Amino acid sequence: MAGISRRSLLKGMGTGLGALAAAGPLMNANKAFAAREKELNILCWEGYNSAQVLDPFRSKTGATVKAESLTNDPTMINRLRAGEINTWDLINVNNPWARKVMLPEKLIKPLPKAEFEPFFDKMLPSFKPPYKWAMSDDGKDLIGMAQRFGPYSFVVNTDKVSRKTAEEVGWDLFNDPALAGKYGILESDDWNVFNLFIVAGIDPFKEHTPEEMTKFDETAKRVFKGAKLIGDIASMNQALISGEIDLHLTGGTYSVSPARADGHPNLRAITPLKGPLASGKGGISWIEITSTVNNPNLSPLALEFLKYVQDPEVAHTVAFAEGTFNPVSQMGNKACFDLFTKEELDAIQWDSLEEEMARSVEYDIVPDYDKALDLMNAAKRLRG
Amino acid sequence: MADIALAHAPETAAELNRARALSAGARCALPVAILLGIGFLAPLVAILGYAFATPRSFDVFRSFTLENFATLFDPSNTVWLSFLWSCGFALATVAILAVVAYPIAYGLNVVFGRAAPLISVLFVFPLFVSENVRLYGWVLFYIKNGVLDGTLKWLGFSGGPEVLYTPGITLFGMVYTYLPFMLFPMTLGLALVPRDLVDAARDLGAGRLFIWREIELPLAMPGILIGMLLTFVLAIGATAEAKILGGQSIIVISHDIEIAFTYSQNWPLGSALAVIVTVFISGLTLFALSKLDLDRMLGRR
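Parameters at a glance
Residues numbered from 1 in each chain as written. Chains lettered and ligands numbered in written order. Predicted model: local features only at pLDDT ≥ 70, side-chain atom pairs only at ≥ 80, totals over all residues. Heavy atoms only, no water. UniProt positions renumbered as here; feature names shortened; annotations may be inferred. Helix = DSSP H or I, 4+ residues; strand = E, 2+ residues; numbered from the N terminus. Buried < 20%, exposed > 50% of the residue type's maximum accessible area, 1.4 Å probe, protein only. Contact = heavy atoms within 4.5 Å. Areas by Shrake-Rupley, 256 points an atom, 1.4 Å probe, with all protein chains shown as cover. Lys, Arg positive; Asp, Glu negative; His and termini not counted. Charge placed at Lys NZ, Arg CZ, Asp CG, Glu CD. Rg over C-alpha atoms; globule rule 2.2 N^0.38 Å. Domains from an automatic or database assignment. Buried area = accessible area lost by both parts, 1.4 Å probe. Salt bridge = Lys/Arg side-chain N within 4 Å of Asp/Glu carboxyl O. Polar contact = N/O pair within 3.5 Å; in protein donor to acceptor, adjacent residues only side chain to side chain. Expected span 1.5 Å × (residues − 1). Pairing = 2+ DSSP bridges. Core = buried A, V, L, I, M, F, W, Y, C linked by side-chain atoms within 4.5 Å.

As recorded in an unreviewed UniProt entry, chain B goes by ABC transporter permease and comes from Ancylobacter moscoviensis. Within the UniProt record for chain B, the comment given under Sequence similarities (unreviewed entry) is "Belongs to the binding-protein-dependent transport system permease family. CysTW subfamily." Its UniProt record gives chain B a comment under Subcellular location (unreviewed entry), which states: "Cell membrane".

Named according to an unreviewed UniProt entry, chain A is Extracellular solute-binding protein originating from Ancylobacter moscoviensis.

So, in structure tokens, the structure goes:
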């Protein structure tokens, strides 16, 4: 046999595989020690992963930027807990997680305060430094940057339920038997836990008594049974536009803005005038905080990127990135605000944003969330 | 050569080594075995590991508890409802598809003639489009003021039926999605029926029903049963239909597993549920296959 025999081929393959196996760890080690100047990995909510936001940064730095979007905070944080701390450079989650969970667990690291705090001066008045959610508990460290935010309670079709009625009746709309079968529920289970507590007349952000849990359970069963559908943002907007439903639980500027921008201004995010939340407030708002991951080999581009998104034009792009449209804290800067057209301001309900934020408490962690979520999942099964 | 070396007792050291080495076949299968090991077996092992880990933790292979299974088998846990919906809908899908697909399969074999390949392609064609996209298409068709409702109103009728977001439409979606998986094994099964046999039976005076019951059905049975099994296994894991068309009017078992892995962040519970479903489906499949002697059915023995 001239040239290659079956045996020599297998032998060659074996040697090759062996060499690869031996070199594998070394290659990884080389990679680990190599400077990560040209790569950046971002774990975020949708929007930051869009080409509109990332492409200019890619061409500016020549770096490989990867962004993965997920749609709930605990999943992202558990990715870090499960060992992906070495993979990611930036993490973008809702307000309480950075200060209350990720910093104490050393999943993120503080930002250079002198470099980043001045950005807060240019933000909307409520973000003036020291901004609570961007600071560590002791107020010494700056742990993240604020950008997108918004009220998030429920959405109505104002042709069917007027804004005035919705704001005045508030969460009791979902206790009204006449509206059974006319509402949907957005599949955003952490927020649904908050909102079912509120519909039951209970403040979600505290430890709950067994009686309160029983009431939560009853409310969950009733509200889920009465829902016409449960689905994602696109399904909710579609059902509202077509007239399948008149309102949906859990939603706000974040979810309804694409439909409003598409020519349906009759769909509107509502923040009730009153509710069982702290100080009798009627709704909940969220503020995203983007932090640097406690990656032993953090990419220097992480800080670059945080500065990049503060730029008025980029901030405007972030606000109107694909998927959802949201107000950004950088709108406090006139140069940024002027970039928003009248239609864009209307899509994000700028006219009532300030009062709605004032009527909302800030998203926080529910101490007995797991228990409530189990009850809610069981309630969902009883729909059929 | 290697096979011959293995045939007699090894004597020299070289022969002994050769005997210990893997056979040529095994060596050739090694790349596939490695690929399957990493891509198929490893995730299953991880799921199995997680199923016995402390609830709501990531202590895989570091902790051992039966708590997850105890939670699932707790009489107060309503997860059996999801399981029942999935099984019931999978069975209903199989039953409906068996009735719907049989005439088409028969047509493809006997009636459609030269048009049969084109008709087959038409049935395969939807598979080229993502399932979710097709299901959202059906939503637009059935939604209020959508294609059906809008057209009927335009024609002066009162509007279409309100079928969206119900368990019924979920079943419709499953029947629609899994039709090709029933149709093609069934078509192959019917192709196995020799026409001569049918003609002979007819010449001998057998009626159409008799021919169907005594000749066609038994001979096509391997294809029919494989189609049923394939459809059942796929349908029991279906989620998209219940979510997109059904608006989660029912929660299916794979959705429950998904919830455990996402919002609940209870990977061990989700894994335990996945293990139970996997054991159930594989048990059922093995049982069905043990009853299904393909060789005998194909007349090779």
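*Asks:* Can you walk me through the overall build of chain A in this structure?
*Replies:* Assigned secondary structure in chain A consists of 16 helices and 11 strands. Expressed as lengths along the three principal axes of its C-alpha atoms, the size of chain A is roughly 85 × 50 × 45 Å. Among the 384 residues that make up chain A, the fraction classed as buried is 55%. The long-range fraction of contacts in chain A, counting pairs at least 24 apart against all pairs at least 6 apart in sequence, stands at 77%. Within the structure as shown, chain A displays about 15600 Å² of accessible surface, and the carbon and sulfur contribution to it stands at 56%. Across chain A, the mean location of the 43 positive side-chain charges is 5 Å away from that of the 51 negative side-chain charges.

*Asks:* Honestly, the overall build of chain B in this entry has me stumped. Any pointers?
*Replies:* The number of helices and strands found in chain B is 15 helices and zero strands. Relative to its length of 301 residues, chain B is extended, with a C-alpha radius of gyration of 26 Å against a globular reference of 19 Å. Each principal axis of the C-alpha atoms in chain B carries an extent, and together these give about 90 × 65 × 35 Å. Taking all 301 residues of chain B together, 39% fall into the buried category. Sequence-distant contacts, at least 24 apart, represent 66% of the contacts inside chain B between residues at least 6 apart.

*Asks:* Please clarify how the domain arrangement of chain A should be interpreted in this entry.
*Replies:* You'll often see interface size given as the accessible area lost when the parts meet. Residue and element names in this part refer to chain A. In terms of domains, chain A is made up of domain 1 (39-146 + 288-357) and domain 2 (150-284 + 364-381). Inter-centroid distance (C-alpha atoms) of domain 1 to domain 2 is 26 Å. Around 1800 Å² of area is buried between domain 1 and domain 2 when both sides are counted, 53% of it from carbon and sulfur atoms. Per-residue buried area on domain 1 facing domain 2 is highest for F325, Q349 and E356; these three make up 30% of the total on that side. Viewed at the interface, domain 2 and domain 1 are joined by four salt bridges.

*Asks:* Help me understand the domain arrangement of chain B in this model?
*Replies:* All names here are of chain B. As assigned here, chain B comprises domain 1 (1-51) and domain 2 (68-297). Taking only C-alpha atoms into account, the centre of domain 1 sits 38 Å from that of domain 2. On the domain 2 side, the residues contacting the four residues of domain 1 number nine residues. Taken over both partners, the interface formed by domain 1 and domain 2 buries close to 520 Å², and the fraction arising from carbon and sulfur atoms is 76%. Of all residues in domain 1, the largest losses of buried area upon contact with domain 2 belong to I47, Y50 and A51, amounting jointly to 88% of the total for that side.

*Asks:* Sorry if this is basic, but what is going on with the UniProt feature "transmembrane region" (unreviewed entry) in chain B here?
*Replies:* Residue and element names in this part refer to chain B. UniProt annotation of "transmembrane region" (unreviewed entry) refers to residues 28-53, 83-104, 111-129, 175-194, 215-238 and 272-292 when read in the numbering used here. Its end C-alpha atoms 31 Å apart, residues 83-104 is made of 100% helix and 0% strand. Annotated as residues 175-194, this span is 85% helix and 0% strand, and its ends, taken at the C-alpha atoms, are 30 Å apart.

*Asks:* Honestly, the side chain of A:R79 in this entry has me stumped. Any pointers?
*Replies:* All names here are of chain A. Note on placement: R79 falls in helix α3 (residues 73-81). Within the structure, R79 has its side chain in polar contact with the side chain of E68 (distance 3.0 Å). When near neighbours in sequence (up to four residues on either side) are disregarded, R79 contacts L43, E68, L70, E84 and W88.

*Asks:* Looking at this structure, I do not really get unusual backbone geometry. What am I missing?
*Replies:* The general pattern is negative phi for most residues beyond glycine and trans for most peptide bonds. Across the junction of A:P129 and A:P130, the peptide omega takes the value -5°, indicating a cis bond. Take A:P130: it is sitting in the loop between α5 (113-121) and β5 (145-157). In this structure, A:K106 is a non-glycine residue whose phi angle is positive, near 55°. Residue A:K106 is classed as exposed on the basis of its relative accessible area, which comes to 59%. With a phi angle near 55°, B:R56 is a residue other than glycine that sits in the positive phi range. With respect to the helices, strands and loops of the structure, B:R56 is situated in the loop between α3 (24-51) and α4 (67-73).

*Asks:* It is not clear to me how the UniProt feature "domain: ABC transmembrane type-1" (unreviewed entry) in chain B should be interpreted in this structure. Could you clarify?
*Replies:* The positions UniProt marks with the feature "domain: ABC transmembrane type-1" (unreviewed entry) are residues 83-288 of chain B. Helix makes up 77% of residues 83-288 of chain B and strand 0%, with an end-to-end C-alpha separation of 20 Å.

*Asks:* I'm lost on the interface of chain B and chain A in this one. Help?
*Replies:* Between chain B and chain A, the residue contacts involve 34 residues of the former and 34 residues of the latter. Both faces considered, chain B and chain A share a buried interface measuring about 3000 Å² in area, 51% of it formed by carbon and sulfur atoms. It is B:Y165, B:Q248 and B:Y263 that lose the most area in chain B upon contact with chain A, and together they represent 25% of the buried surface on that side. For the pair chain B and chain A, the interface holds four salt bridges.

*Asks:* Is there a simple way to think about helix α8 (residues 210-226) of chain A in this case?
*Replies:* Within an α-helix, residues lying three or four positions from one another point in the same direction, as the helix has 3.6 residues per turn. Residues and elements named next belong to chain A. When the terminal C-alpha atoms of α8 are compared, their 24 Å separation across 17 residues agrees well with the 24 Å that a helix rising 1.5 Å per residue should span. Every buried residue of α8 is accounted for by E212, M213, F216, D217, T219, A220, V223, F224 and G226. If you follow the buried residues of α8, they end up packed against β6 (183-186), α7 (189-199), β7 (227-231), β8 (247-252) and α16 (369-381).

*Asks:* Before we go on, may I ask you to explain the pattern of salt bridges in this structure?
*Replies:* A side chain of one charge can pair with a side chain of the opposite charge if their charged atoms are brought near each other. Residue and element names in this part refer to chain A. The tally for this structure, following the rule as stated, stands at 32 salt bridges over all chains. In this structure, the salt-bridge partner of E167 is R163, at a minimum N-O distance of 3.1 Å. Separated by four residues within a single helix, E167 and R163 lie in helix α6 (residues 163-169), roughly one turn from each other. Judged by relative accessible area, which is 27%, R163 ranks as partly exposed. Residues K334 and D338 are paired through a salt bridge, measuring 2.6 Å at the closest nitrogen-oxygen approach. For K334, a relative accessible area of 59% translates into the label exposed. A residue is classified by how much of its surface remains accessible, and D338, at 48% relative accessible area, is partly exposed. The structure contains a network of salt bridges with shared partners spanning R163, E167, E355 and R359.

*Asks:* Quick question: what am I supposed to make of the pairing of β8(A) here?
*Replies:* Along a regular strand, successive side chains alternate from one face of the sheet to the other. Residue and element names in this part refer to chain A. For β8, a buried count of six out of six residues is recorded, marking the element as mostly surrounded by other parts of the structure. In this sheet, β8 lies alongside β6 in parallel orientation, the contact comprising three bridges. Bridge assignment links I185 to a residue of β8, and that residue is L249.

*Asks:* When you look at the nonpolar core in this model, what are you seeing that I'm missing?
*Replies:* Most often, soluble globular proteins keep nonpolar side chains buried together rather than apart. Counting residues in each nonpolar core, the largest one holds 132 residues, and the members touching the most others are A:L40, A:I91, A:M102, A:Y131, A:I284, A:F305 and A:F340. Excluding residues that lie within four positions of it along the chain, A:M102 makes contacts with A:I77, A:L80, A:I91, A:V93, A:W97, A:L107 and A:I108. Counting residues in each nonpolar core, the second largest holds 51 residues, with B:I104, B:A105, B:F232 and B:A272 among its members.

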